[in-house]
Amino acid sequence: MKLLTHNMLTSTVKGVVNGFPLRIEVEKTLEKQVDFSADFLRNLFYKVDWKALVEAAQTMGYAELPEEAPDSTVLESEDFLKKFHYALLELHLEEGNLVCPETGRKFPVTKGIPNMLLHEDEV
Amino acid sequence: MSSKIARIDLVSSHPEVYEPCDDSFALVDALLSDRTNLLDFHPRLCMEVGCGSGYVITSLALMLGQETTGVHYIATDINPHALQVTSETLKAHGVHAELIQADIASGLEKRMAGLVDVIVVNPPYVPTPEDEVGQEGIASTWAGGENGRRVIDRILPVADRLLSHKGWLYMLFLTSNNPSEICLQMKDKGFSARIIVQRATEEENLLVIKFWRDSPVQADTNGMVTTTKTEPFMAMGSLGSLFSRLSFWRSDNSSC
């Protein structure tokens, strides 16, 4: 699971208000090379929740992203785009859990696949 | 042409996962016939709901990914075995999609709303008793309840929410799902529709319908209102007459 995907996932357990971002419990991470596309990254920049991405990357052991949400001028910086690319697309959570920030409910990630299914009493 | 879609001999399998069949082939053929438009459209985020064996999402990734970069693929399924099989199928073809075990798009609907450019769905469309819907295992891949619409009717509003302002939806139906009614419902949500593929097999009449947001002001951005060379443009009125022709055809062949 890429951190881009993590950035898109919310907990939908009954009663949860925001359910975002899901806290990551890491058991195993992987790096997978992905073709670099500056255009794609510039497009995504406006859709990603920056704080959630930075925290997720830090949890995964990558602390190179600026803490504060940068303004769009960074999109001209190749150095920035490469870091953004790595954190968003190349760093994978292979095994672990995604934890609902409000209920503590754990969504397991197995072989890189998060299980977002809810039990009947959680819907 | 063969390199542009998934190879059947490289598609993985599992006893509880639906194998590529006529419906899967019809859906991939529909994507292939619309491939030029898809390449012009240049989608960023493509999604399959209910990926099963992975044949369709792998084919889509091969079709679009070879000539463009910066396309991201996501596939969901409720069945964990399907996701495992899809993962193997993708890997065997050297392409990647993010896989999520979800009920349609559970967990994604909030943050991914309005971000998906292309959604493809081969839903459980077979008319069955209501209590067969959503059972665990292989039955969930086809059991569609009354008129086969139980799951289809849950997917459509989710697709509406997830699709971007210029988003496209490709969905497979049986004529017995009453697709003309579905098209009218989608029209109320602002979508136009066109039949991309229609195919009669021994058992069923399959249709792949493409829906796109009908926003005339955006019409120049992605060729939504242009017609393809192979497919005549179907306005809503002609869809209706086509469906009546199909049902007429079906009654002619009721011995099947």
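Residues numbered from 1 in each chain as written. Chains lettered and ligands numbered in written order. Predicted model: local features only at pLDDT ≥ 70, side-chain atom pairs only at ≥ 80, totals over all residues. Heavy atoms only, no water.

*Asks:* Please clarify how the environment of Cys51 of chain B should be interpreted in this entry.
*Replies:* All names here are of chain B. Its location among the elements puts Cys51 in the loop between strand E1 (45-49) and helix H3 (55-65). On the accessibility criterion, Cys51 (4% relative accessible area) is buried. Taking C-alpha positions, Cys51 is 27 Å from Asp214, a pair spaced 163 residues apart along the chain. Residue contacts for Cys51: discarding those within four places in its chain leaves Ala75, Thr76, Asp77, Leu83 and Thr86. (Helix = DSSP H or I, 4+ residues; strand = E, 2+ residues; numbered from the N terminus. Buried < 20%, exposed > 50% of the residue type's maximum accessible area, 1.4 Å probe, protein only. Contact = heavy atoms within 4.5 Å.)

*Asks:* Would you mind going over the side chain of Thr86 of chain B with me for this structure?
*Replies:* Topologically, Thr86 of chain B is positioned in helix H4 (residues 80-92). Leaving out residues up to four positions away in the same chain, Thr86 of chain B has contacts with Cys51, Gly52, Ser53, Gly54, Ile57 and Leu99 of chain B.

*Asks:* Just checking my understanding: could you explain the sheet that holds strand E4 (residues 113-114) of chain A for this structure?
*Replies:* In a beta sheet, neighbouring strands are held together by backbone hydrogen bonds and run either parallel or antiparallel to one another. All names here are of chain A. In spatial order, the strands read E1-E2-E3-E4; together these 4 strands make up an open sheet with antiparallel pairing. The open sheet terminates on both sides in strands that have one partner only, identified here as strand E1 (23-31) and E4. The sheet contact formed by strand E3 (residues 106-110) and E4 spans 2 bridges and is antiparallel. Residue pairing across strands places Val109 opposite Pro114, the latter belonging to E4. Sheet strands touched by helix H4 (residues 78-90): E1 and strand E2 (91-99). Its angle to E2, the strand with the most contacts, is close to 60 degrees. (Pairing = 2+ DSSP bridges. Axes fitted to C-alpha atoms, helices over the stretch in contact; angles between N-to-C directions.)

*Asks:* Help me understand the environment of Leu174 of chain B, please; the structure alone is not making it clear to me.
*Replies:* Residues and elements named next belong to chain B. You can see Leu174 is positioned in strand E5 (residues 163-174). Take Leu174: its relative accessible area is 6%, and that puts it in the buried class. Sequence separation of Leu174 and Asp22 is 152 residues, and the distance between their C-alpha atoms is 12 Å. Residues in contact with Leu174, not counting those within four places in the same chain, are Tyr125, Val126, Pro127, Pro179, Glu204, Asn205 and Leu206.

*Asks:* Would you mind showing me how to read the pairing of strand E7 (residues 205-213) of chain B here?
*Replies:* Where a strand is regular, its side chains alternate between the two sheet faces. All names here are of chain B. With 9 of 9 residues buried, E7 is to be regarded as a mostly interior element. The alternating pattern of E7 places Asn205, Leu207, Ile209, Phe211 and Arg213 and Leu206, Val208, Lys210 and Trp212 on opposite faces, both of which are buried. Here strand E6 (residues 191-200) runs beside E7; their pairing, made up of 9 bridges, is antiparallel. Within E7, the position partnered with Arg194 by the bridge is Lys210.

*Asks:* What is the right way to look at the interface of chain B and chain A in this model?
*Replies:* Counting residues at the interface gives 21 residues for chain B and 30 residues for chain A. For the pair chain B and chain A, the summed buried surface comes to about 2,200 Å²; carbon and sulfur atoms form 59% of the total. A per-residue breakdown of the area chain B buries against chain A is headed by Arg44, Gln101 and Arg111 of chain B, which together make up 30% of the total. Summed over the shared surface of chain B and chain A, the number is 1 salt bridge. Its salt-bridge partner being Asp39 of chain A, residue Arg44 of chain B comes within 2.9 Å of it at the nearest N-O pair. Linking chain B with chain A are 11 residue pairs in polar contact (both at pLDDT 80 or more), by the criterion used here. Residue assignment for the side of chain B that touches chain A shows that the elements contributing at least two residues are H4 and strand E3 (98-101) of chain B. Ranked by residues supplied to the side of chain B that touches chain A, first place goes to E3 of chain B with 4 residues. Grouping the amino acids of the side of chain B that touches chain A by side-chain chemistry returns 8 nonpolar, 8 polar and 5 charged. (Buried area = accessible area lost by both parts, 1.4 Å probe. Salt bridge = Lys/Arg side-chain N within 4 Å of Asp/Glu carboxyl O. Polar contact = N/O pair within 3.5 Å; in protein donor to acceptor, adjacent residues only side chain to side chain. Nonpolar A, V, L, I, M, F, W, Y, C, P; charged D, E, K, R; others polar.)

*Asks:* Would you take a moment to explain the packing of aromatic side chains for this structure?
*Replies:* Given two aromatic rings, one states the distance between the centres and the angle between the planes to describe the pair. Residue and element names in this part refer to chain A. With the rule as written, the count across this model stands at 12 aromatic pairs over all chains. Each ring, one from Phe80 and one from Phe84, has its centre 5.7 Å from the other, and the planes form 20 degrees; the classification is stacked. Of this pair, Phe80 and Phe84 both sit in helix H4, 4 residues apart, roughly one helical turn. Exposure class is identical for Phe80 and Phe84. Each is buried. Through a chain of ring-to-ring contacts, the aromatic side chains of Phe45, Tyr46, Trp50, Phe80 and Phe84 assemble into a single cluster. (Phe/Tyr/Trp six-rings, centres within 6.5 Å; stacked < 30°, edge-to-face > 60°.)

*Asks:* So what exactly am I meant to see when it comes to the pattern of salt bridges here?
*Replies:* When their charged atoms lie close together, side chains carrying opposite charge are able to pair. All names here are of chain B. One pass over the structure, following the stated rule, counts 16 salt bridges over all chains. Residue Glu181 is joined to Arg149 by a salt bridge in which the shortest nitrogen-to-oxygen separation is 2.9 Å. On the criterion of sequence distance, the pair formed by Glu181 in helix H6 (residues 179-188) and Arg149 in the loop between strand E4 (116-121) and helix H5 (150-162) is long-range, its members being 32 residues apart. Given the relative accessible area of 34%, Glu181 is considered partly exposed. When the shortest N-O distance is used, the salt bridge between Asp160 and Arg213 registers 2.9 Å. Of this pair, Asp160 sits in helix H5 while Arg213 sits in strand E7; the two residues are 53 residues apart in sequence, bridging distant segments of the chain. We classify Asp160 as partly exposed; its relative accessible area is 22%. The exposure class assigned to Arg213 is buried, which follows from its relative accessible area of 15%. Salt bridges sharing common partners tie together Asp34, Arg194 and Lys210.

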